[in-house]
Amino acid sequence: MITIKEANFVKSAEKMDQVLDEDSIEVAFIGRSNVGKSSIINALTNRKGLAKSSSTPGKTRLINFFDIVFKKGDEDYGARLVDLPGFGYARVSKSMKHEWQKTLTKFIKERESIKLFVHLVDSRHPELEIDKEVSAYLHEICSVEQKIVVIFTKADKLKQKDVSALKKIYPNCLMVSSSKGKGIQKAIDLIFDALFGETNLD
Ligand SMILES: Nc1nc2c(ncn2[C@@H]2O[C@H](COP(=O)(O)OP(=O)(O)OP(=O)(O)O)[C@@H](O)[C@H]2O)c(=O)[nH]1
Ligand SMILES: [Mg+2]
């Protein structure tokens with residue numbers, strides 16, 4: 001079994017010149033505001049409050065870095081999780097919002113240490129325009145050394161018939177509930193495999 005045995009907050013960056021050096025492989029959590037980016041980081045690391053979550057959209061306003069250690073058997077594997085502000089929402093003036101989105105898109109585009117983009121999509125609203133835009137953008141900028149996975153969040157809010165409907169459209173999709181812990185082990189396995197799995201070695 002793969003576990004995350006350690007997770008530590010390292011730094012918050014408001015601007016590009018404050019970000020950490022690209023000295024670790026990174027997983028960036030991307031998605032619209034309030035989709036559950038910070039919550040899944042807490043669920044994955046089993047550390048409530050590590051990443052700040054809130055029912056008010058726009059909670060995460062900085063680029064937050066967390067160093068983690070995966071454990072598989074006797075081996076440790078270091079990586080870094082990056083919690084980002086949400087796309088499409090900022091409770092600030094229009095010009096500030098524009099600045100943020102610019103910082104965010106620039107960061108995602110230029111940061112080669114990101115090996116995996118986890119695009120989080122609300123399982124209740126899988127077809128939103130903003131997610132189509134995010135997906136198109138990620139595919140546009142994704143290099144051969146990078147991967148993209150989609151994870152559906154807030155699965156606990158779905159009725160069984162909604163789960164079946166979603167599975168019909170996305171047969172192999174991963175649905176998680178950060179609040180109930182459902183699908184979290186699968187998400188850890190998926191992220192680990194994307195970073196360190198044999199398919200990753202060339
Ligand atoms: N029911 C349920 N609620 C969740 C789940 N994950 C997150 N939430 C709630 O959704 C709200 C937003 O969660 P966050 O993790 O702060 O979302 P975020 O994507 O980081 O939002 P921003 O930082 O604003 O971009 C909070 O009230 C969470 O408690 C889940 O799996 N199930
Ligand atoms: Mg957040």
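Note that the coordinates shown come from a computational prediction; the quantities given were computed from them, not determined experimentally. One numbering rule holds for all chains: residues counted from 1, following each sequence as written. As a convention, the first chain written is A and the first ligand written is 1, with the rest following in written order. Residues qualify for local features only when their pLDDT is at least 70, as the model is predicted, and side-chain atom pairs are given and counted only at 80 or more; totals for whole chains, interfaces and linings, by contrast, use all residues. Each side-chain value is worked out from all heavy atoms of the structure, with water and hydrogens disregarded.

Chemist: So what exactly am I meant to see when it comes to the pairing of strand S6 (residues 147–153) here?
Modeler: For two strands to be treated as a pair, DSSP must find at least two bridges joining them. Counting from the N terminus, the helices are the DSSP runs of H or I reaching at least four residues and the strands are the DSSP runs of E reaching at least two. Pairing geometry for strand S5 (residues 114–122) and S6, over 7 bridges, is parallel. Note that in S6 the partner of His 119 across the bridge is Val 150. A right-handed crossover is one whose linking path, passing over the helix from the first strand to the second, runs clockwise when the strands point away from the viewer. Each parallel crossover has a hand, and for S5 linked through helix H3 (residues 129–141) to S6 it is right-handed. Strand direction decides the pairing type here: S6 and strand S7 (residues 174–175), joined by 2 bridges, are parallel. Paired with Ile 151 across the bridge in S7 is Leu 174. This β-α-β element, S6 to helix H4 (residues 160–169) to S7, shows right-handed connectivity.

Chemist: Would you explain the pairing of S5 in this entry?
Modeler: For a regular strand, side-chain orientation follows a simple rule: the groups alternate between the two sheet faces. With 8 of 9 residues buried, S5 is to be regarded as a mostly interior element. Pairing between strand S2 (residues 26–30) and S5: 5 bridges, direction parallel. Bridged to Val 27 within S5 is Leu 116. To sort residues, take the accessible area from a 1.4 Å probe on protein chains only and compare it with the maximum for the residue type: under 20% means buried, over 50% means exposed, and anything in between is partly exposed.

Chemist: Explain the site of ligand 1 to me, please; I cannot follow it from the model alone.
Modeler: Lys 37, Ser 39, Gly 58, Thr 60 and Asp 156 are the nearest of the 22 residues found near ligand 1. Any pair of nitrogen or oxygen atoms within 3.5 Å is treated as a polar contact; in protein, a donor-acceptor pairing is required on top of that, and neighbouring residues in sequence qualify only through side-chain atoms on both sides. For ligand 1, an oxygen atom lies 2.7 Å from a polar atom in the side chain of Lys 37. In this structure, an oxygen atom belonging to ligand 1 sits 3.4 Å away from a main-chain N or O atom of Ser 55. Throughout this entry, Asp, Glu, Lys and Arg are counted as charged residues, while Ala, Val, Leu, Ile, Met, Phe, Trp, Tyr, Cys and Pro are counted as nonpolar. The remaining residues, Gly among them, count as polar. Across the shell around ligand 1, the residue classes break down as 2 nonpolar, 14 polar and 6 charged. By convention in these notes, a residue is near a molecule or strand provided one of its non-hydrogen atoms lies within 4 Å of it.

Chemist: Got a minute to help me understand the environment of Asp 17 in this structure?
Modeler: Summarising the element assignment, Asp 17 is placed in the loop between strand S1 (2–13) and S2. Along the backbone, Asp 17 and Ile 30 are 13 residues apart, and their C-alpha atoms lie at a distance of 20 Å.

Chemist: So what exactly am I meant to see when it comes to the sheet that holds strand S4 (residues 75–83) here?
Modeler: Here we have 7 strands laid out as an open sheet, ordered S1-S3-S4-S2-S5-S6-S7, and mixed in their pairing. One side of each edge strand has no neighbouring strand; the edge strands of this open sheet are S1 and S7. Sheet topology note: the strand S3 (residues 63–72)/S4 ladder contains 9 bridges and is antiparallel. Among the inter-strand pairings, Phe 65 is bridged to a residue of S4, identified as Val 82. Against the sheet, helix H1 (residues 37–45) makes contact with S1, S2, S3, S4, S5 and S6, and its axis sits at roughly 165° relative to S4, the strand it touches most. Along the sheet face, H3 touches S2, S5 and S6 and points at about 165° away from the line of S5. Contacts are assigned to residue pairs with any non-hydrogen atoms lying within 4.5 Å of each other. Only the contacting stretch of a helix is used when fitting its axis, a line to C-alpha atoms as for every element, and angles between N-to-C directions run 0 to 180 degrees.

Chemist: I tried to follow the side chain of Thr 103 on my own but got confused; where do I start?
Modeler: Here Thr 103 shows up in helix H2 (residues 94–110). Judged by relative accessible area, Thr 103 falls into the buried class, the value being 19%. If sequence neighbours within four positions are ignored, Thr 103 has contacts with Glu 14 and Met 16.

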